[in-house]
Amino acid sequence: MTNPPLPFPSRKTDAHKGDVGRVLLVGGSRGMAGSISLSSMAALHTGSGLVSAAVPDRCLETVASFHPCLMTIPLADDAAGHFASAAVTEIAQQVDAYDAIGCGPGMGTSDAAIELVELLLQKSDIARVLDADALNALSKTNWGHRQSSKSGPLILTPHPGELQRLSGVRSSDREQQIKAAHRLAALHDVVVVVKGGPTVVVDAERKWTNTTGNPGMATGGSGDVLTGVVTSLLGQGMTPWDASRLGVWLHGAAGDRAAVKHGQAGMTARELLDEIPGVMAAYENRCI
Ligand SMILES: NC(=O)C1=CN([C@@H]2O[C@H](COP(=O)(O)OP(=O)(O)OC[C@H]3O[C@@H](n4cnc5c(N)ncnc54)[C@H](O)[C@@H]3O)[C@@H](O)[C@H]2O)[C@@H](O)CC1
Ligand SMILES: Nc1ncnc2c1ncn2[C@@H]1O[C@H](COP(=O)(O)OP(=O)(O)O)[C@@H](O)[C@H]1O
Ligand SMILES: [Mg+2]
């Protein structure tokens, strides 16, 4: 396996949970409680000191039951178990308490979801990751065509289908998709993680190609795990560029270990998640 592109964050001897990142994952819905749970568990296993999941009230118990170390925040929802508009006011009062926020897995693209994403876009002093339905919600606005802006620390993690919705460039045209990602990165000063085999990370000028990962990761939930990994690294103080590269490398390396143990067909995102600590342990306190 190749070495990581940069070292993992180290801990001071007297570190406490408040020092190593307080992160929030926002998303989920009735029927997609697993997605935001995978993201939240990935953040826990990547080293965040405190992880909370803000989810529609109707799926709180399901999400909470996945991991005892996870805290959960119930937000207003509709009868179908999607965020209702009151959820936006509720979460607005809480977001400033976090070092990093990841949003989107399993969330749906209701009007409330769109408002929630607009709220997070305005929070330019908080490190944020937008994935899945947060990106689909963004596609329903004119964000990709707005005046250029400084977004603050912000990472987008689209798969080719999501990038097609965001940019209009077909998911089958990898080269043009990467150009479109550069354009979005330049327009709003963000980092874009163009997922796939291999994943490519871009900002306005730079491009980095990952060396880990395998087709066994083509299984529902793999990307949700990546959201939690990258959010966790951001919350531990890494820049968006470094958190994206290291997170993508770690995620792929965990996928490679899962494939060795379970086979590409047999592994699921759950097994990938379980391999994150082993990869990190192999590099703990090691100079690269
Ligand atoms: N356990 C769960 O609750 C899960 C929930 N999920 C959620 O389900 C919702 C829908 O997400 P999906 O990603 O499934 O649906 P999408 O409709 O966003 O993506 C699927 C489509 O995107 C295109 N696409 C995706 N990857 C591609 C690639 N590598 N190359 C070319 N085209 C590609 C394909 O056209 C594919 O049919 C999201 O909210 C997501 O977070 C998924 O993450 C799966 C697991
Ligand atoms: N063939 C592949 N090779 C390497 N990585 C892959 C491959 N297929 C999928 N992946 C990785 O798996 C993840 C899939 O993300 P995504 O499509 O968002 O899944 P989901 O939404 O189901 O969680 C991405 O990180 C992607 O890079
Ligand atoms: Mg996804």
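These numbers come from a predicted model, not from an experiment.

Draft legend 1. Spatial organisation of the UniProt feature "binding site: AMP" (unreviewed entry) in the chain. Summarizing the sequence annotation, UniProt attributes the feature "binding site: AMP" (unreviewed entry) to Lys195, Gly196, Gly197, Pro198, Thr199 and Gly223 in the numbering used throughout. A compact arrangement is adopted by the annotated residues: their sequence extent is 29 residues, whereas the largest C-alpha distance between any two is 13.3 Å. You can call Lys195 buried: its relative accessible area is 11%. In contact with Lys195, not counting residues within four places along its chain, are Asp131, Thr157, Pro158, His159, Pro160, Arg174, Gly223 and Leu226. At 3.3 Å, the side chain of Lys195 forms a polar contact with the side chain of Asp131. Residue position: Gly223 is located in helix 8 (residues 222–235). Not counting the four nearest positions on each side in its chain, Gly223 is found in contact with Asp131 and Lys195.

Draft legend 2. Broad picture of the pattern of salt bridges. One pass over the full model with this rule turns up 11 salt bridges. The partner of Lys195 in a salt bridge is Asp131, and the shortest N-O contact between them spans 3.3 Å. With Lys195 in the loop between strand 7 (191–194) and strand 8 (200–202) and Asp131 in the loop between strand 5 (127–130) and helix 5 (132–139), this pair connects stretches of sequence that are 64 residues apart. Assigned by exposure class, Lys195 and Asp131 land together as buried. When salt bridges with common partners are traced through the structure, they connect Arg257, Lys261 and Glu275 into a single cluster.

Draft legend 3. Structural detail: the pairing of strand 4 (residues 100–103). Neither face of strand 4 is left uncovered, since the one carrying Ala100 and Gly102 and the one carrying Ile101 and Cys103 both have all their residues buried. With helix 4 (residues 111–122) bridging strand 4 and its parallel neighbour strand 5, the resulting β-α-β unit is right-handed.

Draft legend 4. Quick look at the packing of aromatic side chains. This model, assessed by the stated rule, comprises 3 aromatic pairs. Here Trp249 and Tyr283 contribute two aromatic rings whose centre-to-centre distance is 5.5 Å and whose plane-to-plane angle is 85°, an arrangement assigned as edge-to-face. Of the two residues, Trp249 is situated in helix 9 (residues 240–262) and Tyr283 in helix 10 (residues 269–283); the sequence distance between them amounts to 34 residues. Note on accessibility: Trp249 and Tyr283 belong to one class, buried.

Draft legend 5. A look at the site of ligand 2. The immediate surroundings of ligand 2 are formed by 16 residues, with Lys195, Thr199, Gly221, Gly223 and Asp224 found nearest. Lys195 is positioned such that a nitrogen or oxygen atom in its side chain is 2.8 Å from an oxygen atom of ligand 2. Contacts to ligand 2 include Asp224, whose backbone N or O atom sits 3.0 Å from an oxygen atom. Burial of ligand 2 by the surrounding chains reaches 78%, relative to a free accessible area of 570 Å². With 3 residues, helix 8 is the single largest residue contributor to the shell around ligand 2.

Rules and cut-offs
- Residues numbered from 1 in each chain as written.
- Chains lettered and ligands numbered in written order.
- Predicted model: local features only at pLDDT ≥ 70, side-chain atom pairs only at ≥ 80, totals over all residues.
- Heavy atoms only, no water.
- UniProt positions renumbered as here; feature names shortened; annotations may be inferred.
- Buried < 20%, exposed > 50% of the residue type's maximum accessible area, 1.4 Å probe, protein only.
- Contact = heavy atoms within 4.5 Å.
- Polar contact = N/O pair within 3.5 Å; in protein donor to acceptor, adjacent residues only side chain to side chain.
- Helix = DSSP H or I, 4+ residues; strand = E, 2+ residues; numbered from the N terminus.
- Salt bridge = Lys/Arg side-chain N within 4 Å of Asp/Glu carboxyl O.
- Right-handed = clockwise from strand over helix to strand, strands pointing away.
- Phe/Tyr/Trp six-rings, centres within 6.5 Å; stacked < 30°, edge-to-face > 60°.
- Near = heavy atom within 4 Å.
- Areas by Shrake-Rupley, 256 points an atom, 1.4 Å probe, with all protein chains shown as cover.

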